[in-house]
Amino acid sequence: MSNDAFESREIDATRPSAARMYHYYLTGEAIFDVDRVFGERIFQIAPNTGVTAHHNREFLQRATKFLVGQGIRQFLDIGSGLPTAGNTHEVATTLEPTTRVVYVDSDLEAVTRAHEMLAEQNAHDRVAIIEADLRKPDAILDHADTRRLLDFDAPIGLLIVSVWPFIPDAESPLELMGRLRDALPSGSYVVMSHVTLSEAAPEVIEQAVNFRELYQQTSDPVTMRDRDGFTAFFDGFELVEPGIVYAPDWRPEGPVDEQDPGRPCNFAAVGYKK
Ligand SMILES: C[S@@+](CC[C@H](N)C(=O)[O-])C[C@H]1O[C@@H](n2cnc3c(N)ncnc32)[C@H](O)[C@@H]1O
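Residues numbered from 1 in each chain as written. Predicted model: local features only at pLDDT ≥ 70, side-chain atom pairs only at ≥ 80, totals over all residues. Heavy atoms only, no water.

Hey, could you run me through the overall build of the protein in this one?
When helices and strands are counted, the protein shows 10 helices and 8 strands. A globule of 274 residues ought to have a C-alpha radius of gyration of about 19 Å, and the protein, at 18 Å, matches this closely. C-alpha atoms of the protein, sized along the principal axes, occupy 50 × 45 × 40 Å. Out of the 274 residues in the protein, the part that is buried amounts to 55%. Of the accessible surface of the protein, which amounts to about 11,900 Å², a share of 48% is contributed by carbon and sulfur atoms. Between the centroid of the 25 positive side chains of the protein and the centroid of its 44 negative side chains there is a distance of 3 Å. (Helix = DSSP H or I, 4+ residues; strand = E, 2+ residues; numbered from the N terminus. Rg over C-alpha atoms; globule rule 2.2 N^0.38 Å. Buried < 20%, exposed > 50% of the residue type's maximum accessible area, 1.4 Å probe, protein only. Areas by Shrake-Rupley, 256 points an atom, 1.4 Å probe, with all protein chains shown as cover. Lys, Arg positive; Asp, Glu negative; His and termini not counted. Charge placed at Lys NZ, Arg CZ, Asp CG, Glu CD.)

Okay, here's the thing in structure tokens:
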């Protein structure tokens, strides 16, 4: 969709959303008052949340750089979130200016803000944001902007970073992943991360249980998955070294604090489609 065709609609200001809360953890900016109230409650019960969010975002950025280094020149970033510093297209085009990116999010604030950013950057000729749902992969794959910007005969970098937690098992996330995997040409990569409890310290697990309960009040309740549950999303892909690790441990660019209690709360990996 070009920016001209985008019509803003009313956003639910009474209930926090995953996109707005993640933005609050990363930037401290509350879009609505309810976001600040909710975010501060989360920080009280799970003080590592902000650090974990930053680890997650930095993993996305390192993986994007890695993919550009592997020759990827087109990205499909599903569940892209509200734009913040170092968005996928900014990281990728700094290295390779011709890179094309299609962002997808189901959150209206995320979509609206991304439209504003792309208009300001005059980037709509090589970057698009579409309002669509991961639970409807064909609507993403067949969208006019996806077809305009992505060539499905050349390798694609698919990013689904910290989004599967918002798709419960009842919605068959592995089948959704299979549909996306099958659409990718050989030579493509997938980048994913997933919040987890299974390997955290007991006190962190207790915090995270409360975190999950609080998220039931948002528009996006959270499902945690263990290592096997996360690994299953890579069916049909070869894992790139170092395989499935905690987000800060994926090809770090500096020292990793192994004592950081937020570290074991988020799995991350990159897969390659032969
Ligand atoms: C935790 S944020 C992650 C943002 C970004 N991928 C990152 O890792 O920095 C999760 C994002 O997924 C989006 N999301 C959740 N469920 C979705 C769905 N079913 N379809 C598309 N986007 C979804 C949320 O709106 C939010 O922007």
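I would appreciate a short explanation of empty space enclosed by the protein in the present structure.
Where empty space is left in the structure can be found by rolling a water-sized probe over the atoms. Applying the stated rule across the entire model yields 1 cavity of 30 Å³ or more. Approximately 70 Å³ is the volume found for the largest cavity. What lines the largest cavity is simply Arg 57, Asp 77, Ser 80, Gly 81, Leu 82, Pro 83, Asn 87, Thr 88, Tyr 103, Ala 114 and Met 117. A class-by-class count of the residues in the lining of the largest cavity yields 5 nonpolar, 4 polar and 2 charged. (1 Å grid on protein atoms, 1.4 Å probe; cavity = no way out; pocket = protein on both sides within 12 Å on 5 of 7 lines; lining within 4 Å. Points joined across faces, edges and corners; volume = space filled by probe spheres on them. Nonpolar A, V, L, I, M, F, W, Y, C, P; charged D, E, K, R; others polar.)

Quick question: what am I supposed to make of unusual backbone geometry here?
If a residue is not glycine, its phi is most likely negative; likewise, a peptide bond is most likely trans. Along the chain, Glu 241 connects to Pro 242 via a cis peptide bond; the corresponding omega equals 10°. Among the structural elements, Pro 242 can be located in the loop between strand 6 (238-239) and strand 7 (245-246). Located in the positive-phi region is Asn 122, a residue other than glycine, with phi close to 50°. Its location among the elements puts Asn 122 in the loop between helix 5 (108-120) and strand 3 (127-131). The exposure class of Asn 122 is exposed, given its relative accessible area of 67%.

Before we go on, may I ask you to explain the site of the ligand in this structure?
For the ligand, the set of nearby residues contains 20 residues, the closest of which are Tyr 22, Gly 79, Asp 105, Asp 133 and Val 161. One of the side-chain nitrogen or oxygen atoms of Tyr 22 is found 2.7 Å away from an oxygen atom of the ligand. Val 161 has a polar backbone atom sitting 2.8 Å from a nitrogen atom of the ligand. The protein chains hide 98% of the 600 Å² of surface that the ligand would expose on its own. Elements with a minimum of two residues in the shell around the ligand: helix 1 (18-27) and helix 3 (49-69). At 3 residues, helix 3 tops the list of elements feeding residues into the shell around the ligand. Here the residues of the shell around the ligand are counted per class, giving 9 nonpolar, 6 polar and 5 charged. (Near = heavy atom within 4 Å. Polar contact = N/O pair within 3.5 Å; in protein donor to acceptor, adjacent residues only side chain to side chain.)

Looking at this structure, I do not really get the layout of surface pockets. What am I missing?
If you add up the space inside the second largest pocket, you get close to 230 Å³. In terms of residue count, helix 3 provides more of the lining of the second largest pocket than any other element does, 5 residues in total.

Even after reading the chapter, I still don't get the pattern of salt bridges, so can you show me in this structure?
A side chain with one charge can pair with a side chain of the opposite charge if their charged atoms come near. In the structure shown here, the tally under the stated rule is 17 salt bridges. For Glu 253, the salt bridge is made with Lys 65, and the minimal N-O distance between the two is 3.1 Å. Note that Glu 253 is positioned in the loop between strand 7 and strand 8 (266-272) and Lys 65 in helix 3, a separation of 188 residues in sequence. Accessibility expressed as a relative area gives 35% for Lys 65, which makes it partly exposed. Residues Arg 181 and Asp 235 are paired through a salt bridge, measuring 3.8 Å at the closest nitrogen-oxygen approach. Within this pair, whereas Arg 181 is found in helix 8 (residues 173-183), its partner Asp 235 is found in the loop between helix 10 (227-231) and strand 6, the two being separated by 54 residues in sequence. (Salt bridge = Lys/Arg side-chain N within 4 Å of Asp/Glu carboxyl O.)

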